[in-house]
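# Geometric and topological summary
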Protein chains: 2
Amino acid sequence: MTILDRSAIDGAAPGGSRERTTAAPASGTRQDGVVRATAVGALQLEAGGALPEVELAYETWGTLNADGTNAVLIQHALTGDTHVAQGEGDEPGWWEALVGPGKPVDTEKYFVVAANMLGGCYGSTGPSSLDPEGVPWGSRFPFVTIRDSVRAEARLADRLGVRAWHAVLGGSMGGARALEWAATYPERVRHCVVVAIGAYSTAEQIALAQAQVLAIRQDPHFNGGDYYGGPTPVAGLGLARRIAHISYRSEPELNFRFGRRGQGAENPIEAPGHAAERGRYQVESYLDHQAAKLVNRFDANSYIAITEALMSHDVGRGRGGLVRALAKTKAEFFLASVNSDRLYFPEQSDELARALPGEVPVHSIDAKIGHDGFLTEIGQLGGELRRKVFTL
Amino acid sequence: MTILDRSAIDGAAPGGSRERTTAAPASGTRQDGVVRATAVGALQLEAGGALPEVELAYETWGTLNADGTNAVLIQHALTGDTHVAQGEGDEPGWWEALVGPGKPVDTEKYFVVAANMLGGCYGSTGPSSLDPEGVPWGSRFPFVTIRDSVRAEARLADRLGVRAWHAVLGGSMGGARALEWAATYPERVRHCVVVAIGAYSTAEQIALAQAQVLAIRQDPHFNGGDYYGGPTPVAGLGLARRIAHISYRSEPELNFRFGRRGQGAENPIEAPGHAAERGRYQVESYLDHQAAKLVNRFDANSYIAITEALMSHDVGRGRGGLVRALAKTKAEFFLASVNSDRLYFPEQSDELARALPGEVPVHSIDAKIGHDGFLTEIGQLGGELRRKVFTL
């Protein structure tokens, strides 16, 4: 996998710079961990808008078996991508501990698919994609929800020949997408693994998301979303990332790593002139680095689109509430939370468990780091997932 | 008290629009709860800069007794002001439950003083003040620390005839200022009441502060701080306030009050065009309101100056560390934390208590609201403060 570079985003090349094919070989030649894309048609959107033609980027690992019972869908988080695991190239994936040959989700036994979220910038149709007239969507890209993406992903499943998933799994926003799959297509999801997210985005999660979206919209280079070909809102996107990243880490993690130390030889209590000239604290430098990394790989409009989609997350909406929505699911659920998570609190996973039919335990990932434990410590779930979900 | 209005800030009238006198009648005619200001001379600053002349605004209640033993200094928080309690006017103060005739801090018995923080916009010298040439300081206002403000406040005490305070107290940043008083002037503080803050700003508090400062600095109207007389960075200041306000409230408080409800008839899942057109969630509208309120009463440069000062909070800095710094204090300490505070965690007050000489208990304010419990529930400390600190 090649990380999408800035020039591709700035130039609004739809689908980014990774290798793409239009065909979708569900069987036949394996192309593990290679980004491909397929058109899934027009999409009427939940919030009232529409997209005349939608393309979804995806990667696959392994081969669909003859009776189509070994397909697994893995859903990425907010700024994640489809590179769940290493494939033909060298680059490791973001759930490497969980997915691959011999891993709990064994790609020699399962046919694993990961789709880029609708609205994203890693190959699926998003704000930087070209509209039918060949102009980047920009400010005209419509409001998409988690459900819209799941409906598009269902068409991708059709094209891949997957009638039902053995399992759909995801963490953080990926967990929201997994849960929506189980609620929208009860017959198509046999196991549903939801990590580090609850049944809906809470007031606090919405509030933090609003701050991030405003940080971008208020950047003078944002220009309402029509910045392609010109300067991009890197400062606003960087600020959004800082706000988000603080929430992804626990308070003790930040204090243990950085405390009040200055960055290198910089002195935060020295500024002969104004405060903007003082040396940085280590934690400021760290967040500067996190911001710089994201703006080099992510499109600001996509950040807004996917953040807005995440705010919309509410599996009970329009379905008579949470319990009634979940009563119609047929999947076996596997839930997990991170014990130090202060963005998606473990209590929110517990609440989801209580609303589900039957007795559903919530597995606990023990991590000091906070929410990001769903990435760094996912290996802790490997044994339980082998026993309960991936038994081939 | 009259809230400083925008035009005063925009026009950079030093000291704002409240009634001011240059005299400082510590005894004689009482003028309870009326803003006055006094010059305290030039100030060499901790970070290396200097201010050629400093003025501090303050309010007083009650009368200094003959032996000067009944003086109490109350320190405001980040965007707070000197109006701790009602005075001659109608407007209630922000610690009304604690301060006033017959209250725990009885203004018929104590001479209560509240000073506007150096760098503020409620009458003390700050970025919107005029420099000796009559030009607003703006981008040239130097970096000030909590300690700089405390040193200026000591000169105010001199002018008021206060050799030693019976008590210095404050919550949040006001608590940092109280603690610095006890460490800088051990002979001048007999009781020190520190509520809802620890011994230093932590990595997380610095991180959240950085995001707020960036939100303002990245506003195109900020212009490096030289925006007086032109459009002001209200969007940036509003975003800073949103980020801060989320941290001032607990997660359950936000969810209980707002959940996922839409604001009035607005529908957050309806937007025929792009997401910016959707209806707002209640919590978004609430934070919009908090932002609008602040930008109407606070100067963005002062927000940065005081936030930077709060980042500098570290009572052990340059004093051989926390324990050695506190070993030199002579005050009796009274500590309290808010049990739902997730910005200044109770553990940080506990750490401060452990570092203090002797056995110092930490009183707990029981509040669901979060950090802001130091304002809304301060009355819970009244009884203990009467028994231990305000015994006249």
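Above this note sits the structure.
Residues numbered from 1 in each chain as written. Chains lettered and ligands numbered in written order. Predicted model: local features only at pLDDT ≥ 70, side-chain atom pairs only at ≥ 80, totals over all residues. Heavy atoms only, no water.

Attention shifts here to the overall build of chain A. Across its full length, chain A carries twelve helices and ten strands. Whereas a compact globule of 392 residues would reach a radius of gyration of roughly 21 Å, chain A reaches 21 Å, a difference of no more than 12%. With the principal axes as the frame, chain A shows a C-alpha extent of 70 × 50 × 45 Å. Excluding contacts between residues fewer than 6 apart, the proportion of contacts in chain A whose partners are at least 24 apart in sequence is 72%. In the form shown here, chain A has an accessible surface area of approximately 13200 Å², with 51% of it arising from carbon and sulfur atoms. Counting 38 positive and 46 negative side-chain charges, chain A places the centres of these two groups 4 Å from one another. (Helix = DSSP H or I, 4+ residues; strand = E, 2+ residues; numbered from the N terminus. Rg over C-alpha atoms; globule rule 2.2 N^0.38 Å. Contact = heavy atoms within 4.5 Å. Areas by Shrake-Rupley, 256 points an atom, 1.4 Å probe, with all protein chains shown as cover. Lys, Arg positive; Asp, Glu negative; His and termini not counted. Charge placed at Lys NZ, Arg CZ, Asp CG, Glu CD.)

Another aspect to go through is the relation of the copies chain A and chain B. Once chain A has been moved 0.0 Å along the axis and rotated by 180 degrees, it coincides with chain B to within an RMSD of 0.0 Å. A rotation of that kind, with that shift, is consistent with a two-fold axis. Every residue of chain A has its C-alpha some distance from the rotation axis, and the shortest such distance is that of Pro220 of chain A, at 3.2 Å. When the interface residues of chain A are mapped onto chain B, 100% of them are again interface residues, pointing to one common binding face. (Least-squares fit on C-alpha atoms with pLDDT ≥ 70 in both.)

Attention now goes to helix H2 (residues 146-160) of chain A. Residues and elements named next belong to chain A. Here H2 spans 21 Å end to end across 15 residues, near enough to the 21 Å set by a 1.5 Å rise per residue. Within H2, eleven of the 15 residues are buried, which leaves it mostly tucked inside the rest of the structure. For H2, the complete set of buried residues consists of Ile146, Arg147, Asp148, Ser149, Val150, Ala152, Glu153, Ala154, Leu156, Ala157 and Leu160. Immediately downstream of H2, the backbone of Gly161 shows phi near 80 degrees, a positive value. (Expected span 1.5 Å × (residues − 1). Buried < 20%, exposed > 50% of the residue type's maximum accessible area, 1.4 Å probe, protein only.)

Quick look at the sheet that holds strand E2 (residues 50-61) of chain A now. All names here are of chain A. The strand order across the open sheet formed by eight strands is E1-E2-E6-E3-E7-E8-E9-E10, and the pairing between neighbours is mixed. At either margin of the open sheet sits one strand with a lone partner, and together these are strand E1 (36-44) and strand E10 (362-365). Going across the sheet, the axis of each strand differs from the next one's by a mean of 25 degrees, ignoring polarity. Relative to strand E6 (residues 111-115), E2 runs antiparallel, the two sharing four bridges. (Pairing = 2+ DSSP bridges. Axes fitted to C-alpha atoms, helices over the stretch in contact; angles between N-to-C directions.)

Here the focus is the interface of chain A and chain B. Contact residues are listed per partner, giving 61 residues for chain A and 61 residues for chain B. Counting the surface lost from both chain A and chain B, the interface buries some 4600 Å², and carbon and sulfur atoms represent 62% of this. In this assembly, chain A and chain B are joined by six salt bridges. The residue Arg278 of chain B makes a salt bridge to Glu308 of chain A at a minimum N-O spacing of 2.5 Å. Between the two partners, chain A and chain B, sit 30 residue pairs in polar contact (both at pLDDT 80 or more). Where the side of chain A that touches chain B is concerned, the elements lending two or more residues are helix H4 (203-217), helix H5 (234-248), helix H6 (251-258), helix H7 (282-295) and helix H8 (300-311) of chain A. The element contributing the most residues to the side of chain A that touches chain B is H4 of chain A, with ten residues. (Buried area = accessible area lost by both parts, 1.4 Å probe. Salt bridge = Lys/Arg side-chain N within 4 Å of Asp/Glu carboxyl O. Polar contact = N/O pair within 3.5 Å; in protein donor to acceptor, adjacent residues only side chain to side chain.)

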